Amino acid sequence: MADTFAHTALNLVSVATALHARGWLLGTSGNLSAVIDRDPVRLAITPSGADKGDLSAGRILLIDEDSKSVGENTGKPSDESPLHIAVVKARSAGAVIHTHSVWATVLSDLHASEGGLTIEGYEMLKGLHGVSTHLHREWIPILENAQDMQTLAQSVNELLAKAPEAHAFLLRRHGVYTWGRDLSEAKRHVEILEFLLEAMGRSTEGR
């Protein structure tokens, strides 16, 4: 497990650095995780309050399914660790990424009363796992943000059960969560979704 964790920690830092450079993880915002083991659940995850543009592998933490640090590296796991655990269990995901882009934040507020937003007709949709046509209709649910992470994690569980085909969800005025079978796919989903959210946002400007 030690070798797997060390390799995964380096990959998490690489992805975090790349997403920070795109403006999607500014300041200390956002968090990333990847599965190290499933039985028992062990996740490598970014620490709380970390600048994703100045992150090192030595700061990546190993947590259990109760979001408690169980590895050698010291630090406080991301406050949103329970949400990562919830997604991993609900979707059998290999990695989870949460970004705080401007467009995800704006659209999550504009469409909150609708419970989500639909994206369809864009070629970039084919970058999502299992999608083979631009005619695909992607529903991205929106949850109200909360500071009680255990309660929010339960809401995530309920939402994912109701939207089994969703590739992501938004937290209102907060950002987007997505996932993948591995970190590479999760990163691709972030790139696809951020493109689509910006395209949607820009298409409504001035209306």
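Above this text sits the structure in question.
Residues numbered from 1 in each chain as written. Predicted model: local features only at pLDDT ≥ 70, side-chain atom pairs only at ≥ 80, totals over all residues. Heavy atoms only, no water.

**Q** Describe in detail the sheet that holds strand β2 (residues 41-45), supporting the description with residues and values.
**A** Strands in a sheet are paired, the pairing made by backbone hydrogen bonds, and the direction either parallel or antiparallel. The strand order β3-β2-β1-β4-β8-β7-β6-β5 describes an open sheet built from eight strands, whose pairing is mixed. Each edge of the open sheet carries a strand with a single partner, namely β3 (61-63) and β5 (116-120). Neighbour-to-neighbour, the strand axes of this sheet turn through a mean angle of 20°, independent of strand direction. Relative to strand β8 (residues 175-180), strand β7 (residues 168-171) runs antiparallel, the two being bridged by four bridges. Following the sheet pairing, F169 is matched in β8 by Y177. (Pairing = 2+ DSSP bridges. Helix = DSSP H or I, 4+ residues; strand = E, 2+ residues; numbered from the N terminus. Axes fitted to C-alpha atoms, helices over the stretch in contact; angles between N-to-C directions.)

**Q** Please provide a residue-by-residue account of the environment of P164, values included.
**A** Mapped onto the elements, P164 comes out in the loop between α4 (149-162) and β7. Since its relative accessible area comes to 53%, P164 is described here as exposed. For the pair P164 and A90, spaced 74 residues apart in sequence, the C-alpha to C-alpha distance is 9.2 Å. (Buried < 20%, exposed > 50% of the residue type's maximum accessible area, 1.4 Å probe, protein only.)

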